[in-house]
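Structural description and commentary
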Amino acid sequence: MRIDIITVLPELLVSPFSASIMKRAQDKGLAEIHVHDLRDFGKGRYRHVDDYPYGGTSGMVIMCEPLDKMISKLKDERAYDEIIYLTPDGETLNQTIANDLSLKGNLMMICGHYKGIDQRIRDMYVTREISIGDYVLSGGEFGAIILADSIIRLLPGVIGDETSALSDSFQDDLLAPPIYTRPAEYKGLKVPDVLLSGNFPKIEEWLHEQAIERTKERRPDLLEKRSK
């Protein structure tokens with residue numbers, strides 16, 4: 001998989017992609033992440049990429065021309081399965097979206113900044129708009145990091161135990177059950193006996209029951225979704 005990220009703040013993306021699972025994926029050759037500075041196509045001596053919005057509203061908007069030039073350059077080099085704009089008014093990211101995008105080959109992500117990007121870029125190029133939640137950040141960079149991580153960790157070979165990702169919360173519209181590790185007793189609190197029994201069918205049954213109970217308590221909307 002290759003992910004190209006367009007941003008006005010490339011330095012924000014250096015550290016997250018240089019550690020842990022995302023670094024491992026790149027070191028193994030399973031994912032390529034390329035960060036592109038939009039100011040490379042900025043206008044004038046100061047490489048401007050933003051201007052005031054029409055209509056007299058407040059804030060600044062990323063202009064058409066720099067984004068158009070950068071997107072066109074990238075599209076000339078390869079075909080993209082999706083061109084994604086990170087925006088609060090997009091569809092809310094969930095595990096189903098991450099699963100779907102993990103099957104793609106080439107993704108482009110556009111990080112908005114200021115008040116966002118000119119609508120005409122969205123109309124001309126963007127194939128999918130994604131939000132990471134009902135709140136506003138200073139820019140789309142952190143959204144791109146979260147989206148990339150949610151996708152890359154699903155690629156075969158990235159996580160040592162590939163079955164681990166299949167048991168994560170939301171994979172089957174259930175929250176994950178409680179988990180324990182050694183010691184079997186700590187400060188008077190004991191690991192449930194069933195987990196120490198070695199009876200794997202019973203353990204699976206218990207884990208599923210616990211997942212349902214936790215989902216019923218914390219996210220009943222997920223159970224409603226499962227029943228449809």
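Summary of the structure given here. (Residues numbered from 1 in each chain as written. Predicted model: local features only at pLDDT ≥ 70, side-chain atom pairs only at ≥ 80, totals over all residues. Heavy atoms only, no water.)

Points about the overall build of the protein chain
Secondary structure summary: the protein chain contains 9 helices and 9 strands in total. C-alpha extents for the protein chain along the principal axes are approximately 70 × 40 × 35 Å. Buried residues in the protein chain amount to 39% of all 228 residues. Expressed as a percentage of contacts within the protein chain between residues at least 6 apart in sequence, the contacts between residues at least 24 apart total 75%. Accessible surface, the protein chain: about 13400 Å² in total, of which carbon and sulfur atoms supply 51%. Across the protein chain, the 29 positively charged side chains and the 37 negatively charged ones have centroids separated by 3 Å. (Helix = DSSP H or I, 4+ residues; strand = E, 2+ residues; numbered from the N terminus. Buried < 20%, exposed > 50% of the residue type's maximum accessible area, 1.4 Å probe, protein only. Contact = heavy atoms within 4.5 Å. Areas by Shrake-Rupley, 256 points an atom, 1.4 Å probe, with all protein chains shown as cover. Lys, Arg positive; Asp, Glu negative; His and termini not counted. Charge placed at Lys NZ, Arg CZ, Asp CG, Glu CD.)

A short note on the sheet that holds strand β6 (residues 106–111)
The 5 strands lie next to each other as β2-β1-β6-β5-β7, forming an open sheet whose pairing is parallel. The sheet is open, and its two borders are formed by β2 (32–37) and β7 (128–131), each paired with just one other strand. Between one strand axis and the next, the sheet turns by 30° as a mean value, whatever way the strands run. Across 5 bridges, strand β5 (residues 82–92) lies against β6 in parallel orientation. Residue pairing for β6: Leu86 is matched across the bridge by Cys111. (Pairing = 2+ DSSP bridges. Axes fitted to C-alpha atoms, helices over the stretch in contact; angles between N-to-C directions.)

Concerning the environment of Tyr125
With respect to the helices and strands, the residue Tyr125 is situated in the loop between α4 (119–124) and β7. Assessed through its relative accessible area of 15%, Tyr125 is described here as buried. For the pair formed by Tyr125 and Tyr85, sequence separation is 40 residues and the distance between their alpha carbons is 9.5 Å. Residue contacts for Tyr125: discarding those within four places in its chain leaves Asp68, Ile71, Ser72, Lys75 and Ile83. For Tyr125, the side chain forms a polar contact with the side chain of Ser72, separated by 3.1 Å. (Polar contact = N/O pair within 3.5 Å; in protein donor to acceptor, adjacent residues only side chain to side chain.)

Topic: the pairing of β5
In this fold, the crossover linking β5 to β6 by way of helix α3 (residues 95–101) has right-handed handedness. Sheet topology places β5 next to β7; 5 bridges connect them, and they run parallel. The residue bridging Ile84 from the neighbouring strand is Arg128, located in β7. (Right-handed = clockwise from strand over helix to strand, strands pointing away.)

Things to note about the nonpolar core
With 28 residues, the main nonpolar core has Ile5, Met109, Leu147 and Ile152 as its most contacted residues. Elements with a minimum of two residues in this core: β1 (2–7), α1 (20–27), β5, α3, β6 and α5 (141–152). For this core, the element with the highest residue contribution is α5, accounting for 6 residues. The contact partners of Leu147, leaving out residues within four places of it in the chain, are Ile84, Leu86, Leu93, Leu101, Met109 and Ile130. Val8, Tyr80, Tyr85 and Met108 belong to the second largest nonpolar core, which has 19 residues in total. (Core = buried A, V, L, I, M, F, W, Y, C linked by side-chain atoms within 4.5 Å.)

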